[in-house]
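Residue-level structure breakdown
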Amino acid sequence: MNNLRRAVQFVAFAVFLAGTEIYWLEYDPLISVVSLASREFSWEFVLRGLLLASATLLVGRFFCGWLCPLGTSLDVAHRCGVRPSKDAAREIGARARWKFVLLAFLIVTAAFGTTTFIVVDPLVLFSRTRELVLIPAATWVGAGVVRLVRLVPGQESFTFRAVENPPAYGFLTLTAAVFAGILILEVIERRFWCRNLCPLGALLSLLSRTGLVRRSVEISCSRCARCERDCPTGAIPRNDFTQTHGGECIQCLRCQRACSKGTVRFVFGGPRQIHGFEPRRRQVLLAAGAGVAAGFLGDASTRASTRPGAHLRPPGAIPEEEFLSRCTRCLICVDACPTHGLQPSGFEIGWEGLWTPKLVPASGGCEEPCHACTQVCPTLAIRRLSHEEKSFAKIGTARVVKERCVAWEELKACLVCDEVCPYDAIEFVVISDHRGTQNRPVVHADKCMGCGLCEHACPVREPRAIVVDNYGEERIGSGSYITPAKRAAREVGDDRATDYFHESRAGAAVPADTTGGAGSAQPAGADTISEEPLPPGFVTR
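Residues numbered from 1 in each chain as written. Predicted model: local features only at pLDDT ≥ 70, side-chain atom pairs only at ≥ 80, totals over all residues. Heavy atoms only, no water.

**Focus: the environment of Arg-90**
So the rule is basically this: Strands are runs of DSSP state E lasting at least two residues, helices are runs of H or I lasting at least four, and both sets are numbered from the N terminus onward. Contacts are assigned to residue pairs with any non-hydrogen atoms lying within 4.5 Å of each other.
Along the chain, Arg-90 falls in the loop between α5 (69-79) and α6 (97-111). Sequence separation of Arg-90 and Ile-188 is 98 residues, and the distance between their C-alpha atoms is 10.0 Å. When residues no more than four places from it in sequence are discounted, the contact partners of Arg-90 are Arg-195, Glu-228, Arg-229, Gly-234 and Arg-238.

This is the structure we're talking about:
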C-alpha cells in the first residue's frame, strides 16, 4: 500500500509540473474560503473547492500525504539529506498552533480588503516557483545544451523550438529563496512547513476530524516506537503509540510500513482520535487584529503607489480592486505568455500588488492572435475571452516620445512601430515644423489596444521612443469589449501608411502626398493642436 502511495504521489507531482496547476488551484478549498471572505468570487469556483473539502471530511487529511506537490518536494529533500538531527523533536509541538493562527490571519485579512497573503498557500507557492524558477531554469539549461550541440561539426543549424526563447522574470531570486527556505526548514523538523506553517494544512486539519479512515493499532503492539520515529508530522504521541492526533495525520502509511508486527492499520471507522495543539483564544484575537490592520494598510499602500501609467494588466483583467482580491499570485498566466511580456509585479504598486501579473512591453508585447493568458486564470481575475474578444480588450495606449523618436527629432525614416502594429493604430503623417518636413509617426488612440509591440520593437532603447501607458484602459467584469464604435474605427483603413513603408523597403523615394488626406502635408504646429490635451504622440479622429 505504501508503494501505491508513492506512485500516486510522484505521478501527481509530475502531472502538476506538466502544466495542469490550473486544475489543482480550481479545487483548492483555501482559495475558495479566502475568496468568500473577500466577497470577490464565482460560485462555480467555490463549489469546486468544496470537492476536496468534502473528500477530507469523509476520508481525512490525505491530500498532504498523497497529492500535494510541495509535500512531495519536502519528502524528496529529506531523502536527499536535508533532514533534522537525531535529537530533533519528533512529536507534534506547540509550534503546530502557528498554522491555525496564519489561517485566521489570512481569512480576516481577506475580509478587510487584501488577499495578498494567499501567496503562502502551498499550491500557489509551488505554482509560482514552477513558473518563475523551475521552468526558466530548465529552459536555460536546454538552451545551453543546444549551443553545445551546435559546436559539433555538421550540427551548426541544430535547434530545439522549446528552448529558443528562454524567459527571464523579475523576482526570480526572491521566489527561489522562499522555496529553498521551506526546504531548508527540514533540518529543524521533518515536514516543518506542513506541521507548523501551512494554512491549507490547517484548514484540512480542521476538516479531517470527521474523517472515517483512521489509524488503528492492535493490542499486540510491542511498543517498539518505530511508527513514532517514522511519522513525518509527529502525529503519534510518544507516551501512547496506539493514539493518533487526527488532524495531524496525513495518512502517508509510513507507520504501517515501519511496524514489524503488522499491528498498525488504516481502517474505516477506526478508534476515536485525539486532537493536536489548537490555537489559544489570545493568539486568534491577535491574528484577527493583525489581519484587520494588514487589510487596511495593504489597500492604503496600493492607493498611494498607483499612478497613471504605473502598470499594464493583461487583457481581460477585471477592475483593479476586484482583480487584487481574486488574483492568487500563482502566475500561471505569466507562464502562458509566449512573448514573456507578462511579468510579476514588485512593490511599485504597493505591497498588495506583489507577484500580480503586469505587461512589460520592453520584455515582450501582447500578440494580437494570442489569448493564452485569458484561458488559464483559475479564479477568473482574468476573464475567459475568445480571440476576437481579446483583440478588442484595450489595456492602454501608446504614445510617441518626440524628444527620443528619430523620425520626430532627427528627421530619419524609421518605420518600425508602424510595421509591427497589428491594429493599424500608428500612421506616418507628413508634418512640417521648425525642424523641417518629414513623415512622422502619430498614434490613433481609438485604434490602439496597448499591446506594446511597438514599444518592444522600437530601436531606441532605455527608454524607448514610443511607450505604452494604461491611459484609456478598459476593465470590465462582465459584458463584451466589442462595441460598434471600435468596429467602425478598426474598419477604417489607411493604405497610404502601408504603401509608404512598403515603398521604403523597396528603396523607392517617398512622394509627398498632396491629396489633402490623412497623410497630407500639414502646416507647422498642426500636430500640437490635434494632440491637446492628450500626451505627446496622440491623435484622435
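**With respect to the nonpolar core**
Cut-off, in case you're wondering: Grouping buried Ala, Val, Leu, Ile, Met, Phe, Trp, Tyr and Cys residues that are joined through side-chain atoms within 4.5 Å yields what is termed a nonpolar core. In this scheme, a residue with accessible area under 20% of its type's maximum is buried, one over 50% is exposed, and one in between is partly exposed, where area comes from a 1.4 Å probe on protein chains only.
Residues Leu-30, Phe-63, Trp-193, Phe-323 and Ile-466 are the most contacted members of the largest nonpolar core, which totals 113 residues. When neighbours within four sequence positions are excluded, Phe-323 is seen to be in contact with Arg-313, Ala-317, Ile-318, Thr-356, Pro-357, Ala-381, Ile-382 and Arg-475. Within the second largest apolar cluster, five residues are counted, among which are Phe-392, Ala-393, Tyr-481 and Ile-482.

**Quick look at the confidence of the model for the protein chain**
To keep it simple, the criterion reads: pLDDT runs from 0 to 100 and stands for how confident the predictor is about each residue.
Overall, the predicted model of the protein chain reaches an average pLDDT of 84, with 87% of residues at or above 70. Note on residues 494-536: pLDDT is under 50 here. Beyond four places in sequence and across chains, it has 62 contacts.

**Some details on the packing of helix α2 (residues 29-38) against helix α3 (residues 43-59)**
For any two helices packed against each other, the geometry is given by the interaxial angle and the distance between the axes. Put simply, the test is: All axes here are fitted lines through C-alpha atoms, helices being fitted over the stretch that makes contact, and every angle between N-to-C directions spans 0 to 180 degrees. Between 65 and 115 degrees an angle is taken as roughly perpendicular, under 35 as roughly parallel, over 145 as roughly antiparallel, and anywhere else as oblique. Take the far helix as the reference: if the near one is turned anticlockwise from it by less than a right angle, the crossing is left-handed, and if turned clockwise, right-handed. Side-chain classes are defined by residue name, with Ala, Val, Leu, Ile, Met, Phe, Trp, Tyr, Cys and Pro counting as nonpolar, Asp, Glu, Lys and Arg as charged, and the others, Gly among them, as polar.
Put simply, α2 and α3 touch, their axes get as near as 8 Å, and they point 140° apart. Comparing the axis directions of α2 and α3 gives the class oblique. For the crossing formed where α2 meets α3, the hand is left-handed. Contact residues: α2 offers Pro-29, Ile-31, Ser-32, Ser-35 and Leu-36, while α3 offers Trp-43, Phe-45, Val-46, Gly-49, Leu-52 and Ala-53. Looking at the contact of α2 with α3 residue by residue, the class counts come to eight nonpolar, three polar and no charged.

**Quick word on unusual backbone geometry**
Phi angles above zero are rare outside glycine, and Trp-355 is one such case at about 70°. Turning to its location among the elements, Trp-355 is positioned in the loop between β3 (342-344) and β4 (357-359).

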